[in-house]
Amino acid sequence: MADTLTHHAEAVWEAVVPLLPGFTVEVLPSIDSTSSELMRRARNGLMEPVLLTTEQQTAGRGRLGKAWLSKPGQSLTFSMALPLAPASWSGLSLAVGVSLASSLHPDVRLKWPNDLWLHQRKLGGILVETAGTGEASQGQRLVVIGVGINIARPDASAVAALVPEGSAVAAMAPAGLAEVHMGITAGEVLERVAPALVRDVLAFASQGFGAFSQRFEQLDALQGQSVQLSDGTRGTACGVNGDGALQVLTAHGMQSVMSAEVSVRPC
């Protein structure tokens with residue numbers, strides 16, 4: 001398996017390095033979290049663009065502190081660090097989602113703000129973090145984009161382990177990409193998504209979320225759906241605004257929801 005992932009990582013490097021001189025790809029057998037490792041490197045002054053992937057992630061992190069389990073061959077986990085200086089960071093996670101969904105399969109949709117869905121079930125997740133890069137950065141920050149994609153469908157016991165004891169919220173059975181791409185490997189998925197992701201993130205840096213808004217609209221899994229916010233407010237999802245904020249029509253009017261404030265689930 002390691003040789004297979006390494007082979008595809010080399011193909012990713014060959015595709016990306018003409019766009020990003022100095023770009024590197026690293027493959028590790030196991031690590032706590034690819035994003036945590038790149039953030040540690042950022043605190044030590046990392047500036048070079050790099051993609052870090054692993055066979056097994058033992059302490060992966062998702063949004064709002066949620067865990068992301070990763071077993072060899074069962075999922076693809078990678079993180080990419082890129083120095084960027086966009087005019088606005090708003091909507092970056094949505095642009096990343098658009099890129100990934102477009103590369104994976106026509107049936108993949110996006111659940112705002114950072115989930116990949118396949119047939120109404122979670123296929124993958126995205127975690128975007130930034131770090132300062134020092135005085136000589138000319139306005140740049142290092143963005144670390146963490147991606148987890150299920151290749152095989154995770155078993156029910158693994159899903160149940162992620163639900164807090166006593167929680168009234170049932171874990172929805174996740175999806176696996178092999179349901180629509182039979183026999184696909186983690187290495188093949190990496191080669192499928194990573195070069196396009198680099199191109200799209202660079203496009204975001206120069207053009208902003210506006211360059212992705214129409215594509216997001218076509219992939220929006222919540223459009224027209226009844227949703228409940230984490231504070232209990234209910235309403236109808238009405239797409240996103242120009243900054244990528246979710247628009248929810250509630251009994252008190254239209255409410256703009258930023259990803260840092262709440263979680264959203266269909267109801």
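Up top is the structure these notes are about.
Scoring rules and cut-offs
- Residues numbered from 1 in each chain as written.
- Predicted model: local features only at pLDDT ≥ 70, side-chain atom pairs only at ≥ 80, totals over all residues.
- Heavy atoms only, no water.
- Helix = DSSP H or I, 4+ residues; strand = E, 2+ residues; numbered from the N terminus.
- Buried < 20%, exposed > 50% of the residue type's maximum accessible area, 1.4 Å probe, protein only.
- Contact = heavy atoms within 4.5 Å.
- Areas by Shrake-Rupley, 256 points an atom, 1.4 Å probe, with all protein chains shown as cover.
- Core = buried A, V, L, I, M, F, W, Y, C linked by side-chain atoms within 4.5 Å.
- Pairing = 2+ DSSP bridges.
- Axes fitted to C-alpha atoms, helices over the stretch in contact; angles between N-to-C directions.
- Phe/Tyr/Trp six-rings, centres within 6.5 Å; stacked < 30°, edge-to-face > 60°.
- Patch = residues over 30% accessible without salt bridge, like charges linked within 9 Å, V, L, I, M, F, W, Y side chains within 5 Å.
- Salt bridge = Lys/Arg side-chain N within 4 Å of Asp/Glu carboxyl O.
- Lys, Arg positive; Asp, Glu negative; His and termini not counted.
- Charge placed at Lys NZ, Arg CZ, Asp CG, Glu CD.
- Expected span 1.5 Å × (residues − 1).
- Polar contact = N/O pair within 3.5 Å; in protein donor to acceptor, adjacent residues only side chain to side chain.

A few words on the overall build of the chain. Tallying secondary structure elements over the chain gives 6 helices and 14 strands in all. For the chain, the proportion of its 267 residues judged to be buried stands at 48%. Within the chain, contacts between residues at least 6 apart in sequence are counted, and of these 66% link residues at least 24 apart. Accessible surface, the chain as shown: approximately 12,400 Å² in total, 51% of it carbon and sulfur.

Another aspect to go through is the nonpolar core. Counting residues in each nonpolar core, the largest one holds 57 residues, and the members touching the most others are Phe78, Leu104, Leu116, Val189 and Leu190. In terms of residue count, the dominant contributor to this core is helix H5 (residues 186-207) (10 residues). Each residue touching Leu104, except ones within four places of it in the same chain, is listed here: Leu116, Leu123, Ile149, Leu177, His181, Val189, Arg192 and Val193. Ranked by size, the runner-up nonpolar core spans 11 residues in total, among them Met39, Ala42, Leu52 and Leu142.

With that settled, consider the sheet that holds strand S14 (residues 264-266). As a general point, the strands of a sheet are linked pairwise by backbone hydrogen bonds and lie either parallel or antiparallel. Reading across the sheet, the 5 strands line up as S13-S12-S11-S10-S14 and stay open at both edges, with antiparallel pairing between neighbours. Unpaired on one side and paired on the other, strand S13 (253-257) and S14 mark the two borders of the sheet. Direction aside, the axes of adjacent strands within the sheet are offset by 45 degrees on average.

Our next topic: the packing of aromatic side chains. Tallied over the entire structure, the rule returns 1 aromatic pair. Judged by centre distance (6.4 Å) and plane angle (65 degrees), the ring pair of Phe209 and Phe216 falls under edge-to-face. Look at Phe209 and you get buried, because its relative accessible area is 3%.

As a further point, take a negative patch on the surface. Taken together, the side chains of Glu10, Glu14, Glu188 and Glu191 present a region of like negative charge at the surface. Elements that contribute at least two residues to the negative patch include exactly helix H1 (2-16) and H5.

What follows covers helix H3 (residues 92-104). Because the α-helix completes a turn every 3.6 residues, residues three or four places apart line up on one side. Its 13 residues place the ends of H3 18 Å apart at the C-alpha level, agreeing with the 18 Å of an ideal helix rising 1.5 Å per residue. Buried within H3 are the following residues: Leu92, Ser93, Leu94, Ala95, Val96, Gly97, Val98, Ser99, Leu100, Ala101, Ser103 and Leu104.

Here we come to the side chain of Thr34. On the secondary structure map, Thr34 appears in helix H2 (residues 34-43). Side chain to side chain, Thr34 and Ser79 meet in a polar contact 2.6 Å long. Apart from residues no more than four positions distant in its own chain, Thr34 is found in contact with Leu52, Thr53, Thr54, Gln57, Phe78 and Ser79.

In this section: the pattern of salt bridges. Here the structure, examined in full by the defined rule, presents 8 salt bridges. One salt bridge in this structure joins Arg40 and Asp32, with 3.1 Å as the shortest N-O distance. Judged by its relative accessible area of 30%, Arg40 is partly exposed. Assessed through its relative accessible area of 29%, Asp32 is described here as partly exposed. The partner of Glu179 in a salt bridge is Arg153, with the nearest N and O atoms 3.2 Å apart. Here Arg153 lies in the loop between strand S9 (141-150) and helix H4 (156-160) and Glu179 lies in the loop between H4 and H5, a separation of 26 residues in the sequence. When its relative accessible area of 32% is taken as the criterion, Glu179 is described as partly exposed. Members of the salt-bridge network, linked through shared partners, are Glu26, Asp32, Glu37, Arg40 and Arg41.

Scope: geometric values only; no functional claims are made or implied.
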